[in-house]
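Commentary on secondary and tertiary structure
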There are 2 protein chains.
Amino acid sequence: MARVYNFSAGPSILPEVVLKQAAEEMLDYKGSGQSVMEMSHRSKVFDDIIKEAEKDLRDLMKIPDNYKVLFLQGGASQQFAAIPMNLMKNGVADFIVTGQWAKKAWQEAQKYGKANKIASSEDKTFSYIPDCSDLPISEDADYVYICHNNTIYGTTFKELPNTKGKLLVADMSSDILSQPVNVEDYGLIFFGVQKNVGPAGVVVVIVREDLIRDDLPEYVPTMLKYKTQADADSLYNTPPCYGIYICGLVFKWVKDMGGLSAMKIHNEKKAKILYDYLDQSKMFVGTVVEKDRSLMNVPFVTRTHDADLEAKFVKEATEAGFVNLKGHRSVGGMRASIYNAMPIEGVEKLVEFMKKFEEENA
Amino acid sequence: MARVYNFSAGPSILPEVVLKQAAEEMLDYKGSGQSVMEMSHRSKVFDDIIKEAEKDLRDLMKIPDNYKVLFLQGGASQQFAAIPMNLMKNGVADFIVTGQWAKKAWQEAQKYGKANKIASSEDKTFSYIPDCSDLPISEDADYVYICHNNTIYGTTFKELPNTKGKLLVADMSSDILSQPVNVEDYGLIFFGVQKNVGPAGVVVVIVREDLIRDDLPEYVPTMLKYKTQADADSLYNTPPCYGIYICGLVFKWVKDMGGLSAMKIHNEKKAKILYDYLDQSKMFVGTVVEKDRSLMNVPFVTRTHDADLEAKFVKEATEAGFVNLKGHRSVGGMRASIYNAMPIEGVEKLVEFMKKFEEENA
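Residues numbered from 1 in each chain as written. Chains lettered and ligands numbered in written order. Predicted model: local features only at pLDDT ≥ 70, side-chain atom pairs only at ≥ 80, totals over all residues. Heavy atoms only, no water.

1. Examining the overall build of chain A
Secondary structure assignment for chain A yields nine helices and 14 strands. The dimensions of chain A, computed from C-alpha atoms along their principal axes, are 65 × 60 × 30 Å. Within chain A, residue pairs in contact and separated by at least 24 positions form 69% of the contacts whose partners lie at least 6 positions apart. On chain A, roughly 13500 Å² of surface is accessible, and the fraction owed to carbon and sulfur atoms is 49%. Taking the 43 positively charged and 50 negatively charged side chains of chain A as two groups, their mean positions are separated by 1 Å. (Helix = DSSP H or I, 4+ residues; strand = E, 2+ residues; numbered from the N terminus. Contact = heavy atoms within 4.5 Å. Areas by Shrake-Rupley, 256 points an atom, 1.4 Å probe, with all protein chains shown as cover. Lys, Arg positive; Asp, Glu negative; His and termini not counted. Charge placed at Lys NZ, Arg CZ, Asp CG, Glu CD.)

2. Topic: the interface of chain B and chain A
The partner chain A presents 63 residues to the 63 residues of chain B that form the contact. Buried surface at the junction of chain B and chain A, both sides included, amounts to about 4800 Å², of which 56% is carbon and sulfur. The three residues of chain B that bury the most area against chain A are B:L27, B:M37 and B:E38, which together make up 14% of that side's buried surface. On inspection of chain B and its partner chain A, the count reaches two salt bridges. (Buried area = accessible area lost by both parts, 1.4 Å probe. Salt bridge = Lys/Arg side-chain N within 4 Å of Asp/Glu carboxyl O.)

3. Notes on the pattern of salt bridges
Considering all chains together, one arrives at 48 salt bridges over all chains under this definition. Here B:K103 and B:E122 are joined by a salt bridge, their closest N and O atoms 2.8 Å apart. Within this pair, whereas B:K103 is found in helix α4 (residues 100-109), its partner B:E122 is found in the loop between β4 (114-120) and β5 (143-147), the two being separated by 19 residues in sequence. The exposure class assigned to B:K103 is partly exposed, which follows from its relative accessible area of 23%. For B:E122, a relative accessible area of 33% translates into the label partly exposed. Ionic contacts of the salt-bridge type, sharing partners, join the residues A:E52, A:K55, A:D56, A:D59, A:K252 and A:K255 into one network. (Buried < 20%, exposed > 50% of the residue type's maximum accessible area, 1.4 Å probe, protein only.)

4. Points about the packing of aromatic side chains
Residue and element names in this part refer to chain B. If you walk through the whole model with that rule in mind, you get 40 aromatic pairs over all chains. Pairing F126 with Y153 gives two aromatic rings, centres 4.9 Å apart and planes at 55°, and the pair type is tilted. One end of the pair, F126, is in the loop between β4 and β5; the other, Y153, is in the loop between β6 (149-150) and β7 (155-156), with 27 residues separating them in the sequence. For the pair formed by F126 and Y153, the shared burial category is buried. Summarising the aromatic geometry, the rings of F284 and F300 are spaced 5.7 Å apart at their centres and angled 85° between planes, so their arrangement reads as edge-to-face. With a gap of 16 residues between them, F284 in strand β11 (residues 284-286) and F300 in strand β12 (residues 297-302) connect regions that are remote in the sequence. Classification of F284 by relative accessible area gives buried; the value is 0%. (Phe/Tyr/Trp six-rings, centres within 6.5 Å; stacked < 30°, edge-to-face > 60°.)

5. With respect to the state of the cysteines
Residue and element names in this part refer to chain B. Counted by the stated rule, this structure contains zero disulfides over all chains. C147 takes part in no disulfide bond, and the closest cysteine sulfur, belonging to C132, lies 13 Å away. On the accessibility criterion, C147 (2% relative accessible area) is buried. Between C247, a free cysteine, and C241, which holds the nearest cysteine sulfur, the sulfur-to-sulfur gap is 12 Å. (Disulfide = S-S within 2.5 Å.)

6. Observations regarding the relation of the copies chain B and chain A
When chain B is fitted onto chain A, the two copies agree to an RMSD of 0.0 Å after a turn of 180° and an axial shift of 0.0 Å. Interpreted geometrically, this transformation is the action of a two-fold axis. If distances are taken from each C-alpha of chain B to the rotation axis, the shortest is found for B:A23, at 2.2 Å. Both copies share a contact surface, since 100% of the interface residues of chain B are interface residues in chain A too. (Least-squares fit on C-alpha atoms with pLDDT ≥ 70 in both.)

7. Quick notes on the sheet that holds strand β11 (residues 284-286) of chain A
Residues and elements named next belong to chain A. Spatial ordering of the open sheet is given by β11-β12-β14, a layout of three strands whose pairing is antiparallel. With one partner strand each, in any of the chains shown, β11 and β14 (334-337) form the two edges of the open sheet. Sheet twist, expressed as the average angle between the axes of neighbouring strands with direction ignored, equals 30°. Across four bridges, the pairing between strand β12 (residues 297-302) and β14 is antiparallel. Across the sheet, the residue bridging to N297 is S337, located in β14. Where helix α8 (residues 307-319) meets the sheet, its contacts fall on β11, β12 and β14, and the angle it forms with β12 comes to roughly 130°. (Pairing = 2+ DSSP bridges. Axes fitted to C-alpha atoms, helices over the stretch in contact; angles between N-to-C directions.)

8. Details of the environment of B:S40
Residue position: B:S40 is located in the loop between α1 (16-24) and α2 (44-61). B:S40 gets classed as buried once you look at its relative accessible area, which sits at 11%. When near neighbours in sequence (up to four residues on either side) are disregarded, B:S40 contacts A:S8, A:G10, A:P11, A:N324 and B:F46. Of the polar contacts made by the side chain of B:S40, one reaches the backbone nitrogen of B:R42; its length is 3.1 Å. (Polar contact = N/O pair within 3.5 Å; in protein donor to acceptor, adjacent residues only side chain to side chain.)

This is the structure in structure tokens:
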């Protein structure tokens, strides 16, 4: 089969040039006579790979020197525990619950302290971002937590919440590197790489150095302490070397594409094509309030909520090479995830296909 | 450069046929039009990959039905916390400390209960396995812990300790699949895959079902509960999909090689070539008591403990294509790790090279 257009919410599409390079280097990375999978993580050749990956990420995101970049394992779900374990000093954090992942983070944090839900959009199936300009931030909150882009529901924070001086912590798993970000607005940013950056199995934590503490409760596993990982430059134990290597190749690709400002333009173009079509379609409609629409994840349904028609659409789209368009069960319908690596023609062709489907099934 | 003979302690050599297949399938896995890195972990195509990997591992190790196989993240180091968190019911465990990794496991377990060191070989730089036929096993011990093969020191348990009826828990990171194992002798077996099986970033836990509990202390992260992972068939969150795929290819390769009995013969042959040479060499000598020698990791030094000569050896070996032979800093000298994927000719050629070096530098 030819390569498909992969609209998966994650793991998802990676740049084809990256995959080609990985295939070419599989048996012999740059004359080392080894695959990156076979290298000692203490070797010079791997040290260059992880250092260069970090440097490129720092360049792309303009990460200040007083932030550490950690390449870890366990996914965002493990960070839902690690963050309160490491950052709760007063034992209090405030959560803005805009979807399933923020909710899981809030629930997990309750194990480690007082985790307050200070805002939520659950009343309307998380189809909008609540007004966060004047929330009841706790006086003793160690941080305010958001999920910056909500993969399942297709919403995103266009404006950051007013944290009233408290630290902001953000899960950026599904929109990292999709646009410029001012790292200094955050105490901690983290992302599972498997949407916009690399293969599942790497989670990156960008954390302000002064937040890394050693006086944690006895029960915190050594591996979950940011201090352990920061002191060892992510090499306390064997890291997910091959995943980090692929992330590094993707960082180079984003640089080649022009960096985050260029990625934003690219992503806005793609999203506009799809949203413009949805806004005028008589068959399909987006599920998200216009002002909060994500550039990355576009959920949509049939205007008549016709489950049979939606199933027919997904089936025919799959056959035509547009795969993983089925929506998340909690929203239903369809979802097109159009991450960095999705080319414009992927979205153009999808819209062409949707138009044709709409005509044929009117 | 041509492919080298890689004697790294881990990550280490993988079968070349596996790497070739991975390279070929990189852009299009079996007609799916996607890389395994790009697939949704909830897709049928990935489900087949993880299910088949588990089935092949079960076949190879003859894992009984009442054991769960979990594909997790965080490496063995994370299991050092997860095991006591999950298995300490009485809050007591006994540790046989035969090297750095067993020691780390023992130290980490002290956070979660009474972790007793009931035997150790630290007095002689862990160069032997202590007599474990009649140890002071704690009456209320939840389990007895061993590291089955000691990567750094090159020792291995030829006989299992007498646990006096208590559960046995074993770290088999560096000798998994190197020989048959009777899974029923253990309550739990775990291994980081990056030595004998696949790319770093996957740790496999084989645990008897009745040991998986839900009544754990509040502080145990959801991700570290075996119950979470067992109930979700290792798909509670996105697993390290690509790593699991490579592990699956290696399981197939081990099957093709004839399974674990054949691997044992293959490994014994290779180890014999190296140990036989060391035993008669006037320049080099193994560091481990003969009866406890590992089939996987062979540390050796110069008889005169000549650091300059050792450095010269490592340098010239590297230039000749025998890489990663430098010993661990805690033992010094050299170490040849000869995992499953190391072909016999790799060891034969290394011994030829050593003989030549010995002659030239006598």
